[in-house]
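Here is how the chains run, residue by residue.
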Amino acid sequence: MKHTISVLVENEFGVLTRVAGLFSGRGFNIESLSVAPPLDPSVSRMTIVTRGDDRILEQINKQLNKLIDTIKVTDFTGQDYVEREMALVKVTAEEEARAEVLRIVDIFRAKVVDVTPRSYTLEVTGAPTKLDAVIDLLRPMGIKELVRSGPVVMGRGQ
Amino acid sequence: MKKTGSQILLECLQQEGVDTVFGYPGGTVINIYHDMVDYPIHHILTRHEQAAVHAADGYARTTGKVGVAIATSGPGATNTVTGIATAYMDSVPMVIITGQVPTPLIGNDAFQEVDIIGITRSITKHNYLVQDIKDLARIVKQAFYIARTGRPGPVLIDLPKDIQVASAKFVYPEKVELRGYKPTYSGNVRQMEKAARMILAARKPVLYVGGGATGADASADLLAFAEMTQAPVTTTLMGMAAFPQRHPQALGMLGMHGTYYANMAVTNADLLIAVGARFDDRVTGKIASFAPHAKIIHIDIDPTSIKKNVRVDLPIVGDLKDVLNKLSAALSEEREELATMVDGSAGWRAEIAAWKSSHPMAYQASDSVIKPQYVIEQLRELTADDAIITTEVGQHQMWTAQFFAFSQPRTFCSSGGLGTMGYGLPAAVGAQAAFPERQVIDISGDGSFQMNSQELATLVQYKLPVKIAILNNNYLGMVRQWQEMFFDRRYSQTPMELPIDFVKLAEAYGATGFCATRPEEVSEVIRKALATPGPVLMEFKVDREENVMPMVPAGAAINEMVLAS
Ligand SMILES: Cc1ncc(C[n+]2csc(CCOP(=O)(O)OP(=O)(O)O)c2C)c(N)n1
Ligand SMILES: [Mg+2]
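Right, let's walk through the structure included here. (Residues numbered from 1 in each chain as written. Chains lettered and ligands numbered in written order. Predicted model: local features only at pLDDT ≥ 70, side-chain atom pairs only at ≥ 80, totals over all residues. Heavy atoms only, no water.)

1. Some thoughts on the coordination of the magnesium ion (ligand 2)
Residues and elements named next belong to chain B.
Right, so step 1: Within the first shell, the magnesium ion (ligand 2) binds the protein through D446 (OD), N473 (OD1) and Y475 (O), at distances of 2.1 to 2.2 Å.
Right, so step 2: We note that the donor set of the magnesium ion (ligand 2) lies within a single chain, spaced as D-x26-N-x1-Y. Remark: N473 occurs in the loop between strand 18 (467-472) and helix 22 (477-486) and D446 occurs in helix 20 (residues 446-449); sequence separation between them is 27 residues.
Right, so step 3: Relative accessible area serves as the criterion here: at 6%, N473 is assigned to the buried category. (Donors = N, O, S within 2.8 Å, 3.2 Å for Na, K, Ca; no water. Helix = DSSP H or I, 4+ residues; strand = E, 2+ residues; numbered from the N terminus. Buried < 20%, exposed > 50% of the residue type's maximum accessible area, 1.4 Å probe, protein only.)

2. Let's talk about the site of ligand 1
All names here are of chain B.
Right, so step 1: In the vicinity of ligand 1, 17 residues are found, and the nearest of them are Q395, G419, G447, S448 and G477.
Right, so step 2: Here H396 contributes a side-chain N or O atom positioned 2.9 Å from an oxygen atom of ligand 1.
Right, so step 3: Within the backbone of G477, an N or O atom sits 2.8 Å from an oxygen atom of ligand 1.
Right, so step 4: Of all elements in the fold, only helix 18 (395-403), helix 20 and helix 22 reach the threshold of two or more residues within the shell around ligand 1.
Right, so step 5: For the shell around ligand 1, the per-class residue count stands at seven nonpolar, nine polar and one charged. (Near = heavy atom within 4 Å. Polar contact = N/O pair within 3.5 Å; in protein donor to acceptor, adjacent residues only side chain to side chain. Nonpolar A, V, L, I, M, F, W, Y, C, P; charged D, E, K, R; others polar.)

3. Quick notes on the environment of B:E333
Right, so step 1: Here B:E333 is to be found in helix 14 (residues 320-333).
Right, so step 2: In this structure, the C-alpha to C-alpha distance between B:E333 and B:G534, residues 201 residues apart in sequence, is 53 Å.

4. Focus: the interface of chain B and chain A
Right, so step 1: Between chain B and chain A, the residue contacts involve 19 residues of the former and 20 residues of the latter.
Right, so step 2: Taken together, both faces of the contact between chain B and chain A bury some 1,700 Å²; the carbon and sulfur share is 49%.
Right, so step 3: When the buried area of chain B at its contact with chain A is split by residue, B:R121, B:R179 and B:T304 rank highest and sum to 36% of it.
Right, so step 4: Counting across the interface, chain B meets chain A through three salt bridges.
Right, so step 5: Across the pair B:R179 and A:E10 runs a salt bridge whose closest N-O atoms are separated by 2.7 Å.
Right, so step 6: Taken together, the links from chain B to chain A amount to nine residue pairs in polar contact (both at pLDDT 80 or more).
Right, so step 7: Its residues assigned to classes, the side of chain B that touches chain A comprises seven nonpolar, five polar and seven charged. (Contact = heavy atoms within 4.5 Å. Buried area = accessible area lost by both parts, 1.4 Å probe. Salt bridge = Lys/Arg side-chain N within 4 Å of Asp/Glu carboxyl O.)

Okay, here's the thing in structure tokens:
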């Protein structure tokens, strides 16, 4: 099962490698990882999407907590949370296909951020499932390049 | 007044009460060595950085204090790796200080530069690259704190040369502030209540004790708890000396080379209480058949150990001393139920006694050839109760665990988790440096001994009266045993073809050497060695193809033991 885990760590030298090394060293899987400092520059926030059964997730959680630099680990699975991801998609757009791409842009409230006579570059944000849907629709037209940020998450409410 | 980085480091060591360090100099630690002369710190120069780390490890395991080792950058640092991994696997509190090239050169493939932080990340509890002299005192303070608290472990500090030379005001922080590191010491009250109920309901309880009991200095608490419940006690290699092995409740070691009765007890138990143990695969054998009828209570300071390998019915995270004491207190309040439980498990004790008498730990005695087990028994008989035993890795290590019958905590140093050949001699250096008056004996194999035999020089130079007992079978015996049992007796690369004159080797270093070739010479050689001042090497030419028995083949259930070869 897929889990989205948010890890608050000390913004120390090498902390990213510690976390990434923990996953590779113990054979845990990382589907995506995004890192950036939040308000407080002394810490860093990592959002990790991983997969595993309950036993593996329990170990991931405990092993992350065991790192000296880890301040807090939150597994958002089963909680009420907002999840957003961004994708940049460079899609082939020639002749009548140009209008079709723009229709998709409109429907999914994406943005055109770069235009050439033969392509559009789109910025799409939303839940990862929405990104999947947009990409599926664009795929037949010819995706030249795709970059996804990996999701970031935040609990709802207070 | 300002101090240099190397002086600040030495001040910090003093503040931490460090009196002995083990190490080896080189270009990027030369400043530390220069300033060390002005400090009341006893430095022991080993002959290899790996040995310096093992010596610090032996010092730490026998004293319970943090062991300290120093090495230079590059090859000095990489030579520490096996020592660090050994300590990490066995949860030994240590601080390792490595020199590093000056900060402006880091990343440039400078002379003797290696990324030791990257290399040791997965074998240290934590590690630090000091980037600013202002952080140095705080980092050293944190390193010692992290090394000795919670589940202990090695911490490495990589100290670039320019920071050793820079100067700053020395202020040793009073407190450690680590918002991400707060070990749980006090067991959860509700969990302990549940544990007490489970214990009172048990009729076939077994205590399974690991190295955590030593780490927590919980031997006395363990003994009290064990006697109160009358539960039999089996120990891992790491837990061996935490429980007196001649106690009537002692079952000896469990697992691959465990006793018949320990493995049978675990297999038939209705309650297994794991105390500071981690269900290593050498202990459990086939997981699915491990303690199949037992509910499992797992007490450990490290939450990651719990439910890592086996299902656990009741986890308790906390300091073993605290948890065992509170459990004992809870049980003693239920006087009647406890008596019912103890009476109710009389049948269990009888069952175990029957296994003990039908399959005792034994070997085929001989009066023509020296049996290795006999040497261990003789060492046990002729040494003091507080003698410290270190071992290398192989058959001799298992025979030591099976036949030495340890009686006091922190008297046994052996590489359990990593299984590092070459550990025992340098560990003995550390133990003897910590306890100059006690008997320290390295029980060794002919193969392992040659992995760090250069440490004979350290023994002689520092007048460390370590006694070495080499059980010489002219084989990498443990591997040969596997080849015999599982690989058609094809002894590929396990005979030690070149016979070494170990007595002469000892003498070349200025130590004393004795050799026994016949059984009747064994006790005489041991007596002579113990009576000889200074380091002594004893060589016992033992039965070459003796096997360690019982043995659970890899992947089998622990009750499927091969009993004799
Ligand atoms: C550094 C290292 N290399 C290899 C091994 C694999 N190994 C385990 S036991 C053993 C044989 C040890 O031989 P010896 O020290 O003579 O002890 P014996 O088994 O003969 O008592 C070997 C090679 C190891 N444990 N450690
Ligand atoms: Mg041998």
